[in-house]
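Chain by chain, the residues run as shown.
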Amino acid sequence: MSQFHRPPLLLPVASHLLTGFLLSPLDLIRTRLIVQSSNPRYRAYTGPLDALQKILRDEGGLRGIYLHPHLLIPTLVDNALRPIVALALPGMLTTYFGWGHITEDTHPIGWGLAELAGSCIGLLVTLPIETIRRRLQAQVRGNAKPISTCVEMRPAPYNGIVDTFWHILTEERSDLPIIRRHRRKGKKKQEEYESWWKQTGLGQLYRGLGMRLGASAVVFVLALFGGDESEGGWAEI
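About the criteria used
- Residues numbered from 1 in each chain as written.
- Predicted model: local features only at pLDDT ≥ 70, side-chain atom pairs only at ≥ 80, totals over all residues.
- Heavy atoms only, no water.
- 1 Å grid on protein atoms, 1.4 Å probe; cavity = no way out; pocket = protein on both sides within 12 Å on 5 of 7 lines; lining within 4 Å.
- Points joined across faces, edges and corners; volume = space filled by probe spheres on them.
- Helix = DSSP H or I, 4+ residues; strand = E, 2+ residues; numbered from the N terminus.
- Nonpolar A, V, L, I, M, F, W, Y, C, P; charged D, E, K, R; others polar.
- Salt bridge = Lys/Arg side-chain N within 4 Å of Asp/Glu carboxyl O.
- Buried < 20%, exposed > 50% of the residue type's maximum accessible area, 1.4 Å probe, protein only.
- Polar contact = N/O pair within 3.5 Å; in protein donor to acceptor, adjacent residues only side chain to side chain.
- Contact = heavy atoms within 4.5 Å.
- Expected span 1.5 Å × (residues − 1).
- Phe/Tyr/Trp six-rings, centres within 6.5 Å; stacked < 30°, edge-to-face > 60°.
- Axes fitted to C-alpha atoms, helices over the stretch in contact; angles between N-to-C directions.
- Parallel < 35°, antiparallel > 145°, perpendicular 65-115°, else oblique.

A. Representation of empty space enclosed by the protein within the structure. Following the criterion strictly, the structure yields two cavities of 30 Å³ or more and no others. Roughly 70 Å³ of volume is contained in the largest cavity. Lining the largest cavity we find Phe21, Ser24, Leu28, Ile65, Tyr66, Leu71, Leu72, Thr75, Arg133 and Gln137. Of all the secondary structure elements, the ones that give two or more residues to the lining of the largest cavity are helix H2 (24-35), helix H4 (61-67), helix H5 (69-96) and helix H6 (108-138). It is H5 that contributes the most residues to the lining of the largest cavity, three residues altogether.

Next comes the structure, spelled out in structure tokens:
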């Protein structure tokens, strides 16, 4: 397929966006079931159907489950970024490095490497959005009672994507538990300056990055030896 005759991005992005929007309540239910307490005594939901019934009853019905800004905006951003990253980045990378002649048909290995690189770079954008979306899904809205969770939650609720990003960055740390180091004896004890990565919650936005990168590499190797030309096989579209 020629570099100049690739299908436009609009159709796959719109298709992925529509599908992600329609199925977003299932994603919300999955997040709630994952984060709720594992102790049966404190569980808020007994299963997917019970979770759906209670969320619809207490959090604004279908309108709330689909159109609440804390759910709608992250859903649209997340489901739009994934296909854009998976479909556009490989071509952008090959063009940037002067390898515009590389296509999926003529150079499958080279194109696969471009897709792998695009997937890894794309994670730097999509993973924080996914983390923010999960945080917003985990907090209840409307008349729902706070649920007991198996992970620590922020006492005050987040208020949108930007607010969530800012509070994760400023209120959390990436090096928990904090380990304080001192200089050797004979010198005045001073705490070493910690990197900005450790002092902020930036690492919390990229939890699981190493695992995602490893999974992308494994899928690439399997596709390489298997000879299958999967479309964006290592991109989580």
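Now that the structure has been shown, the text picks up again.
B. Broad picture of the layout of surface pockets. Of the volumes computed, that of the largest pocket is approximately 990 Å³. Forming the walls of the largest pocket are 25 residues, and the residues nearest its centre are Thr131, Arg135, Val151, Gln204 and Arg207. At the level of secondary structure, the elements contributing two or more residues to the lining of the largest pocket comprise H2 and H6. Residue contributions to the lining of the largest pocket peak at six residues, all from H6. Class assignment of the residues belonging to the lining of the largest pocket gives a composition of 10 nonpolar, four polar and 11 charged.

C. The pattern of salt bridges, seen in detail. All told, the structure shown has 12 salt bridges when counted by the stated rule. Among the salt bridges present, the one from aspartate 27 reaches arginine 30, with a minimum N-O distance of 3.4 Å. Taken together, the residues span about one helical turn, with aspartate 27 and arginine 30 both in helix H2 at a distance of three residues. The closest approach of N and O atoms between glutamate 172 and arginine 135, which form a salt bridge, is 2.9 Å. Placement of glutamate 172 in the loop between helix H7 (161-171) and helix H8 (196-199) and of arginine 135 in helix H6 is noted, with a sequence separation of 37 residues between them. The class of arginine 135 is partly exposed, set by a relative accessible area of 21%.

D. Local environment of the side chain of threonine 31. You can see threonine 31 is positioned in helix H2. Polar contacts involving the side chain of threonine 31 include one to the side chain of arginine 134, which spans 3.4 Å. Sequence-distant contacts of threonine 31, defined by excluding residues within four places in its chain, comprise Arg134, Gln137 and Ala138.

E. Looking closely at H2. With 12 residues, H2 extends 17 Å from end C-alpha to end C-alpha; this agrees with the ideal 16 Å at 1.5 Å per step. Along H2, the residues that are buried comprise Ser24, Pro25, Asp27, Leu28, Ile29, Thr31, Arg32 and Val35.

F. Broad picture of the environment of isoleucine 109. Tracing the sequence through the fold places isoleucine 109 in helix H6. The partly exposed category is assigned to isoleucine 109, whose relative accessible area is 48%. Distance from isoleucine 109 to phenylalanine 220, taken between C-alpha atoms, is 9.6 Å for residues 111 residues apart in sequence.

G. Seen up close, the packing of aromatic side chains. Under the definition given, this model contains one aromatic pair. Aromatic pair phenylalanine 21 and tyrosine 66: ring centres 5.1 Å apart, planes at 45 degrees, arrangement tilted. Within this pair, whereas phenylalanine 21 is found in helix H1 (residues 10-22), its partner tyrosine 66 is found in helix H4, the two being separated by 45 residues in sequence. On the basis of relative accessible area, phenylalanine 21 is assigned to the partly exposed category, the value being 22%.

H. Here's a closer look at the side chain of glutamine 137. Relative to the helices and strands, glutamine 137 is located in helix H6. Classification of glutamine 137 as buried rests on a relative accessible area of 3%. Among residues more than four places away in sequence, those in contact with glutamine 137 are Asp27, Leu28, Thr31, Arg32 and Leu71.

I. View of the packing of H2 against helix H3 (residues 48-58). Where H2 meets H3, the axes come as close as 10 Å, and the angle between the chain directions of the two elements is 110 degrees. Considering the angle they form, H2 stands roughly perpendicular to H3. Residues Leu28, Ile29, Arg32 and Leu33 of H2 form the contact with H3, whose own contacting residues are Pro48, Ala51, Leu52 and Ile55. For the contact of H2 with H3, the residue count by class is seven nonpolar, no polar and one charged.

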